[in-house]
Amino acid sequence: MLFILDFDGTMGDTQTLILNTMQKTIHALGLPSRTREQCQKMIGLPLKQTFTQLIDMTDEMGNLCTDTYHRLFEEDNIPGAVPLFPNVIETLQKLHGEGHTLTIASSRARASLMGFVRDLGLEPFITLVMGCEDVVQAKPHPEMVEKTLKATGFAPDQAIVVGDAKYDILMGKNAGCRTVGVAYGNGGRKEMEEAGADFIIDDFAQLVSIAKSKFCLSRI
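Okay, so let's go over this structure. Since we're looking at a predicted model, the values are computed, not measured.

1. Some details on the overall build of the protein
So, point 1. The helix and strand tally for the protein stands at 11 helices and 6 strands.
So, point 2. Relative to a compact globule of 220 residues, whose C-alpha radius of gyration would be 17 Å, the protein shows 17 Å and is just as compact.
So, point 3. Along the longest, intermediate and shortest principal axes, the C-alpha atoms of the protein span 55 × 35 × 30 Å.
So, point 4. Looking at the protein, you have 21 positive and 28 negative side-chain charges, and the mean spots of the two groups are 4 Å apart.

Dropping the structure here:
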């Protein structure tokens, strides 16, 4: 079975760092203020789009927001600023040991993603990492999943997309895959239900039981 995993809000608890950086960016550029709740709803989109959809602005300002965000994020991304959610390492280790293929599909920039994969000890378990630069069409378009399937040799019915935002769930469904929504992330249980996730979990460790379910075993 192939697991296509989102990172932010699914494996890495980046919410505080992301929201702080978004609001610092808005303040630094003198843009109209937005609440943390308004900013949170944008998490999961490509970075530039989080700002252009949040605030009416020119394309040039969107690029400036992106550059400013990157600079501020790196300044604040000190060791320990982004912890893993409970049971992530143990679950990845168990799934990997059982022969499942684990990949990451994220709207985050590749360099940032690879830094987290390295620093958080995920490298031994992750076969492939897809970042925003690796696709033309962002989530919820299925391109990221389709490229992952092609690279790993799995069919859509042999894959499960796991994420915390509606964009992850819709991306998986658009690619013909089953989906798992995590209720503890940025989107929450209601968003996962409305997006039509096939499974909703409260703990990353529940992926182990899903991998052993009748649904998954019939498709390996």
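2. Considering the packing of helix α1 (residues 15–28) against helix α3 (residues 47–54)
So, point 1. Orientation of α1 relative to α3, taken along the N-to-C sense of each, is 60°, at an axis distance of 12 Å. Regarding the angle of α1 to α3, the classification is oblique. Crossing of α1 over α3 shows right-handed handedness. On α3, the residues that touch M22, T25 and I26 of α1 are T50, F51 and L54.
So, point 2. Each residue belonging to the contact of α1 with α3 can be placed in one class, and the counts come to 4 nonpolar, 2 polar and no charged.

3. Considering the nonpolar core
So, point 1. Counting 50 residues, the largest nonpolar core has F3, L92 and L207 as its most contacted members.
So, point 2. Once residues within four sequence positions are removed from consideration, L207 is found in contact with F3, L5, T91, L95, V162, V180 and I201.
So, point 3. Formed by 13 residues, the second largest nonpolar core is a distinct cluster that contains L2, A105, V135 and L149.

4. Quick look at the side chain of S106
So, point 1. Along the chain, S106 turns up in the loop between β2 (101–105) and α6 (110–119).
So, point 2. We classify S106 as buried; its relative accessible area is 1%.
So, point 3. Here R108 takes part through its backbone nitrogen, which lies 2.9 Å from a polar atom of the side chain of S106.

5. Brief notes about the pattern of salt bridges
So, point 1. Inspection of every chain in the model, using the stated rule, returns 11 salt bridges.
So, point 2. The closest approach of N and O atoms between D134 and R110, which form a salt bridge, is 2.9 Å. With a gap of 24 residues between them, D134 in the loop between β3 (126–130) and α7 (143–152) and R110 in helix α6 connect regions that are remote in the sequence.
So, point 3. Connected through salt bridges with shared partners, the residues D6, K139 and D168 form a single ionic network.

6. Digging into the packing of aromatic side chains
So, point 1. Taken as a whole and judged by the stated rule, the model has 5 aromatic pairs.
So, point 2. Plain terms: the ring middles of F7 and F116 are 5.2 Å apart, the flat faces sit at 20° to each other, and that makes the pair stacked. In this pair, F7 sits in the loop between β1 (2–5) and α1 while F116 sits in helix α6, placing the two residues 109 residues apart along the sequence.
So, point 3. The exposure class of F7 is buried, given its relative accessible area of 0%.
So, point 4. Of the residues examined, F116 reaches a relative accessible area of 5% and is grouped as buried.
So, point 5. One aromatic cluster is present, formed by F7, F51, Y69, F73 and F116 through successive ring pairs.

7. Some remarks on the state of the cysteines
Note on terminology: a disulfide is the covalent bond linking the sulfur atoms of two cysteines.
So, point 1. Using the criterion set out here, one finds 0 disulfides in the structure.
So, point 2. The thiol sulfur of C39 is not disulfide-bonded, and the nearest other cysteine sulfur, from C65, lies at 11 Å.

8. Things to note about the sheet that holds β2
So, point 1. Strand order in this open sheet of 6 strands is β3-β2-β1-β4-β5-β6, and the pairing throughout is parallel. Here the strands that pair on one side only, and so sit at the sheet edges, are β3 and β6 (199–201). Between one strand axis and the next, the sheet turns by 20° as a mean value, whatever way the strands run.
So, point 2. The pairing of strand β5 (residues 178–182) with β6 spans 3 bridges and is classified as parallel. Counterpart to G181 in the pairing with β6 is I200.
So, point 3. Taken strand by strand, α7 contacts β1, β2, β3 and β4 (159–163), and its axis lies near 145° from that of β3.
So, point 4. Helix-sheet contacts for helix α9 (residues 188–195) involve β4, β5 and β6, and the interaxial angle to β6 is about 170°.

Here is what the cut-offs are and how they apply
One numbering rule holds for all chains: residues counted from 1, following each sequence as written. The model is predicted, so local features are restricted to residues of pLDDT at least 70 and side-chain atom pairs to those at 80 or more, both for listing and for counting; the totals for chains, interfaces and linings are taken over all residues. Note that the side-chain values use all heavy atoms of the structure and ignore hydrogens as well as water. What counts as a helix is a DSSP run of H or I of at least four residues, what counts as a strand is a run of E of at least two, and both are numbered from the N terminus. Each radius of gyration is computed over the set of C-alpha atoms, and the globule rule expresses the reference value as 2.2 Å times the number of residues to the power 0.38. In this tally Asp and Glu are treated as negative and Lys and Arg as positive; neither His nor the chain ends contributes. Charge positions are represented by NZ for Lys, CZ for Arg, CG for Asp and CD for Glu. Throughout, an axis means a line fitted to C-alpha atoms (over the contacting stretch in the case of helices), and angles, computed between N-to-C directions, take values from 0 to 180 degrees. Orientation is classified from the angle alone, with under 35 degrees giving roughly parallel, over 145 giving roughly antiparallel, 65 to 115 giving roughly perpendicular, and any other angle giving oblique. Here a crossing is taken to be left-handed if its near helix is turned anticlockwise relative to the far helix by less than a right angle, and right-handed if that turn runs clockwise. Between two residues, a contact is recorded if the distance between any of their heavy atoms is within 4.5 Å. Side-chain classes follow a simple rule in which Ala, Val, Leu, Ile, Met, Phe, Trp, Tyr, Cys and Pro form the nonpolar group, Asp, Glu, Lys and Arg form the charged group, and the remainder, Gly included, forms the polar group. As used in this record, nonpolar core signifies buried Ala, Val, Leu, Ile, Met, Phe, Trp, Tyr and Cys residues forming a set joined through side-chain atoms within 4.5 Å. Burial classification: accessible surface area is computed with a 1.4 Å probe over protein chains only, and a residue below 20% of its type maximum counts as buried, one above 50% as exposed, and the rest as partly exposed. Counting of polar contacts relies on pairs of N or O atoms within 3.5 Å, with two restrictions inside protein: one atom must be capable of donating a hydrogen and the other of accepting it, and residues adjacent in sequence are counted only when both atoms are side-chain atoms. Throughout this description, the term salt bridge denotes a Lys or Arg side-chain nitrogen within 4 Å of a carboxyl oxygen of Asp or Glu. Between 30 and 60 degrees the pair is tilted, below 30 it is stacked and above 60 it is edge-to-face, where a pair is any two Phe, Tyr or Trp rings, Trp via its six-membered ring, whose centres lie within 6.5 Å. By disulfide we mean two sulfur atoms from cysteines, separated by a distance within 2.5 Å. One bridge is not enough; two strands pair if DSSP finds at least two bridges between them.

Function cannot be inferred from these measures alone, as they are strictly geometric.
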